[in-house]
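# Examination of the molecular architecture
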Amino acid sequence: MPNASSGTRASGPTTSGPTTARAVRIAALLALVVVVLLFPSLAPDPFILSVGVVILSYAVLATSWNLVGGFTGYISLGHAAYSGLGGYATALLILRSGLNPWLALVVGALIVALIAIPVGIASLRVRGASFVIVSIALVLILQLTFQSWHTFTGGSGGLRVPRPFGPDVLRPEQHERFFYLHAVLLALALLTWWAIERSRLGAGLKAIREDEDKAQALGVPTFAYKLTALVTSAFFTALGGGLYALWFGYLDPIFQFSILVGTYMVLMALLGGVRSLFGPLLGAVVVGYAVEVFKSQYGDTQFHLVATGILLGLVVLFMPDGVIPALTSFLNRRRRAASIREVSAEELARQREDEQRGDKQPEEANR
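Residues numbered from 1 in each chain as written. Predicted model: local features only at pLDDT ≥ 70, side-chain atom pairs only at ≥ 80, totals over all residues. Heavy atoms only, no water.

## Remarks on the nonpolar core
Formed by 83 residues in total, the largest nonpolar core has its most connected members in Leu 186, Leu 205, Leu 251, Phe 257, Met 268 and Val 287. Among the elements that take part in this core, helix H10 (residues 222-248) stands out by supplying 14 residues, more than any other. When sequence neighbours within four positions are dropped, the list of residues in contact with Phe 257 reads Ala 80, Ala 81, Gly 84, Leu 85, Tyr 88, Val 139, Leu 142, Gln 143 and Phe 146. (Core = buried A, V, L, I, M, F, W, Y, C linked by side-chain atoms within 4.5 Å. Buried < 20%, exposed > 50% of the residue type's maximum accessible area, 1.4 Å probe, protein only. Helix = DSSP H or I, 4+ residues; strand = E, 2+ residues; numbered from the N terminus. Contact = heavy atoms within 4.5 Å.)

Pasting the structure below:
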């Protein structure tokens, strides 16, 4: 009896640990959904609601970037090329072709995904710093092209994007509708990341991230997998850029094709954790809120750039895997330590019981 009961107690932490962790994750996910659903009604003014739209837009872009950066380990600083192309494709399809705004959003994203195929074929043949340079070159070329093409893109003067809702919809209500639209797009991007992570494609991409040469030697079609990840990432990034253009109503080539936007994507993903589903979302909340606060407090100064650089340096130095993996590792260590202490206490109690039982047996024999 003592051995059976002690064995049951010893196995308790190993079986209850995963169940407890799963329950915590489900509770956190439900809490996140509730916060997103209630945020527009809880926002004190339209400015805070607009900040919420910007943060969700950043979360969409960071999660989309993570589809290629997190899975393959290829760091692209030029992903603003796809978000900018998505915004301009959506606007130009509405203005030049008269398409419905929502149809233009999807068609524009598909066009960008097709453009990403030859771009990926050319750029994914190099690795490391060379890939980073190629991604930067792409966004700079597009910035100069869209600045100079006045007759088609509006040039450096920008481009007005028609709003998808009528004039009777006031700006606060516009913010609320686009907040939920960005939330739906973010949910689709997260679901795609989750599905890939559990698929054969995801396993191959992880192998590429760890050791591409070894993965190729084992028969993984590395180039095809990388290209698939890049095209999928470009598609969702273009959707994010197009939806932001519909909300903001104006496109500026200097901002749309800015290396800073691509740097924000990388920073947000790294801050939360590129190997975590909700890592880019957490990074977007932190970075997006901080950027908006700095801009509102310090106006047109470049102080937010200094803060972004400092934050990126701190993340790389002290939390290279991101906040969520660091917290998960810390909690796992605490749980293992608690399990060890619990088992040790049980073993000590059992030893005491055995000692007491051994002392009683000679006494009963003497009687």
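Moving on, there is more to tell.
## Let's talk about helix H7 (residues 171-197)
The terminal C-alpha atoms of H7, which comprises 27 residues, lie 38 Å apart, in line with the 39 Å expected from a rise of 1.5 Å per residue. Along H7, the residues that are buried comprise Gln 174, His 175, Phe 178, Phe 179, His 182, Ala 183, Leu 185, Leu 186, Ala 189, Leu 190, Trp 193 and Ile 196. (Expected span 1.5 Å × (residues − 1).)

## Quick notes on the confidence of the model for the protein
On average, residues of the protein carry a pLDDT of 85, and 85% of them reach 70 or more. For the stretch residues 1-15, pLDDT sits under 50, and the model shows ten contacts to residues farther than four places along the chain or on other chains. (pLDDT = per-residue confidence, 0-100.)

## Points about the side chain of Ser 276
Looking at the secondary structure, you find Ser 276 in the loop between helix H12 (259-272) and helix H13 (279-298). Non-local contacts of Ser 276, meaning those with residues more than four positions away in its chain, are made with Asn 66, Trp 193 and Ile 324.

## With respect to the packing of helix H3 (residues 80-97) against H10
Here H3 crosses H10 at 55°, and the two axes come no closer than 6 Å. By the angle between their axes, H3 is oblique relative to H10. Crossing of H3 against H10: the hand is right-handed. Between H3 and H10, the residues in contact are Tyr 82, Ser 83, Gly 86, Gly 87, Thr 90 and Ile 94 and Leu 230, Ala 234, Thr 237, Ala 238, Gly 241, Gly 242, Ala 245 and Leu 246, respectively. Across the contact of H3 with H10, the residue classes tally to seven nonpolar, seven polar and no charged. (Axes fitted to C-alpha atoms, helices over the stretch in contact; angles between N-to-C directions. Parallel < 35°, antiparallel > 145°, perpendicular 65-115°, else oblique. Left-handed = near helix turned anticlockwise from the far one by under 90°. Nonpolar A, V, L, I, M, F, W, Y, C, P; charged D, E, K, R; others polar.)

## Here's the deal with the pattern of salt bridges
Side chains bearing opposite charge may pair, as long as their charged atoms lie close to each other. One pass over the full model with this rule turns up eight salt bridges. With its nearest N and O atoms 2.7 Å apart, the salt bridge here joins Glu 212 to Lys 226. Of this pair, Glu 212 sits in helix H9 (residues 212-217) while Lys 226 sits in helix H10, placing them 14 residues apart in sequence. Each member of the pair Glu 212 and Lys 226 is classed as buried. Linked by salt bridges that have partners in common, Arg 127, Glu 212, Asp 213 and Lys 226 make up one network. (Salt bridge = Lys/Arg side-chain N within 4 Å of Asp/Glu carboxyl O.)

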